[in-house]
Amino acid sequence: MRHGEVHNPDGLLYGRLPGYHLSELGRKMAERVAEHLAPRDITRVVASPLERAQETAAPIAKAHGLDLATDARLIEADNVFQGKTFGVGDGALRNPDNWKHLVNPFKPSWGEPYVDQVVRMMGALNAAKDAARGHEAVLVSHQLPIWIVRSYVERRRLWHDPRKRQCTLASLTSFTYLGDKIVSVGYSEPAIDLVPAHLRAGAKPQKGSEAQGKAFGA
């Protein structure tokens, strides 16, 4: 699961920075997904150590009478632009100081390598699978790591256009195992009616808007 909307009035790429919590709308998203998952046979709930992921996972764990576990492997991807505004129309791409970080989009050169994200996310998935074997587990993480591990499982290239990620706020990307092998991947959006249109999967970025910033570091 990707976490819900974050309170980010300054529109920063918050990445791994502490202190970024769910907005009121984000909490509603988390509660909605908890209600959606209430009938499921969930025996394990795990979250990234970042506040927004912990707060998203808490209602799900509570609904199933489970303790919330933390796995650092689910954390957001590292990014050199963390703590800055960096988006369409803000001039970041025209700043020569940023060019040295943009030379290799395939790695990528501005942050944690995609391959490293695959390794840690697959480790977290497999650990949850083993802990909940025969049942279901919910892991709460962040948009980029979720999309990268899905791309790996579905045998797509890891470098991509960020605008085309299918991983909306509070969405569920489901991996079904047969034994120790992933046999299918699913995707659903239980809280889509709560997600602002410009933050939905495939939406075009809004130039120079505060709302655009809220999606950063997600």
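Please read these numbers as outputs of a predicted model, since none were measured by experiment.

How each quantity is defined
Residues numbered from 1 in each chain as written. Predicted model: local features only at pLDDT ≥ 70, side-chain atom pairs only at ≥ 80, totals over all residues. Heavy atoms only, no water. Buried < 20%, exposed > 50% of the residue type's maximum accessible area, 1.4 Å probe, protein only. Helix = DSSP H or I, 4+ residues; strand = E, 2+ residues; numbered from the N terminus. Contact = heavy atoms within 4.5 Å. Phe/Tyr/Trp six-rings, centres within 6.5 Å; stacked < 30°, edge-to-face > 60°. Lys NZ or Arg CZ within 6 Å of the ring centre and 35° of its normal. Axes fitted to C-alpha atoms, helices over the stretch in contact; angles between N-to-C directions. Left-handed = near helix turned anticlockwise from the far one by under 90°. Pairing = 2+ DSSP bridges. Expected span 1.5 Å × (residues − 1). Polar contact = N/O pair within 3.5 Å; in protein donor to acceptor, adjacent residues only side chain to side chain. pLDDT = per-residue confidence, 0-100. Parallel < 35°, antiparallel > 145°, perpendicular 65-115°, else oblique. Nonpolar A, V, L, I, M, F, W, Y, C, P; charged D, E, K, R; others polar.

(A) Spatial organisation of helix H5 (residues 143-153). Most of H5 is tucked away: nine of the eleven residues are buried. Within the span of H5, buried status applies to Gln143, Leu144, Pro145, Ile146, Trp147, Ile148, Val149, Arg150 and Ser151. Close packing links the buried residues of H5 with helix H4 (114-131), strand S4 (172-178) and strand S5 (181-188). Positive phi appears at Arg155, one or two residues downstream of H5, with a value of about 60 degrees.

(B) Here's a closer look at the packing of aromatic side chains. On inspection of all chains with the given rule, the structure shows one aromatic pair. Aromatic side chains Tyr14 and Tyr20 sit 5.0 Å apart centroid to centroid with 25 degrees between the ring planes, which places their arrangement in the stacked category. The exposure class assigned to Tyr20 is buried, which follows from its relative accessible area of 14%. Lying over the aromatic face of Trp159, Arg157 brings its terminal NZ or CZ to 3.9 Å of the ring centre.

(C) Examining the packing of helix H1 (residues 24-37) against helix H2 (residues 51-63) more closely. Contact geometry for H1 and H2: axes closest at 8 Å, N-to-C directions at 30 degrees. Our pair here, H1 against H2, has a crossing hand that is right-handed. Side by side, H1 and H2 meet where Arg27, Ala30, Glu31, Val33, Ala34 and Leu37 of the first sit next to Glu55, Thr56, Pro59 and Ile60 of the second.

(D) A look at the pairing of S4. For S4 and S5, the ladder comprises seven bridges, and the chain directions are antiparallel. Bridge pairing in S5 places Ser174 opposite Gly186. Hairpin geometry of S4 and S5 is characterised by an intervening segment of two residues between the two adjacent antiparallel strands and by a positive phi of about 70 degrees at Gly179.

(E) Structural detail: H4. In a regular helix each residue adds 1.5 Å, so 18 residues correspond to 26 Å; H4 covers 26 Å between its end C-alpha atoms and thus fits that length. Among the residues of H4, those classed as buried are Tyr114, Gln117, Val118, Arg120, Met121, Met122, Ala124, Leu125, Ala128 and Lys129. Where the residues of H4 are buried, they touch strand S3 (136-140), H5, S4 and S5.

(F) A look at the sheet that holds strand S2 (residues 68-70). Reading across from one edge, S2-S1-S3 is the order of the three strands in this open sheet, with parallel pairing throughout. A single partner strand is all that each edge strand has here, and the edge strands are S2 and S3. Adjacent strand axes in the sheet meet at a mean angle of 30 degrees when their direction is disregarded. Where strand S1 (residues 42-47) and S3 come together, five bridges link them in parallel fashion. Its bridge partner lying in S3, Ala47 is registered against Val140. In this fold H2 packs onto S1, S2 and S3, with an angle of close to 165 degrees to the strand it touches most, S1.

(G) Geometry of the environment of Gly134. On the secondary structure map, Gly134 appears in the loop between H4 and S3. With 43 residues separating them along the chain, Gly134 and Tyr177 place their C-alpha atoms 9.6 Å apart.

(H) Region of the structure containing the side chain of His64. If you trace the backbone, His64 turns up in the loop between H2 and S2. A distance of 3.2 Å separates the side chain of His64 from the backbone oxygen of Leu37, its partner in a polar contact. Those residues in contact with His64 that lie beyond four places of it in its chain are Leu37, Ala38, Arg40 and Ile42.

(I) Highlighting the confidence of the model for the protein. Mean pLDDT over the protein stands at 88; residues scoring 70 or higher make up 83%. Taken as a whole, residues 207-217 scores under 50 in pLDDT and shows 34 contacts with residues more than four places along the chain or in a different chain.

(J) Broad picture of the packing of H4 against H5. One can describe the packing of H4 onto H5 by two numbers: an axis separation of 9 Å at closest approach and a directional angle of 85 degrees. By the angle between their axes, H4 is roughly perpendicular relative to H5. Here Tyr114, Gln117, Val118, Arg120, Met121, Met122 and Leu125 of H4 come into contact with H5, specifically with Leu144, Pro145, Ile146, Ile148, Val149, Tyr152 and Val153. Here the contact of H4 with H5 is built from residues that sort into twelve nonpolar, one polar and one charged.

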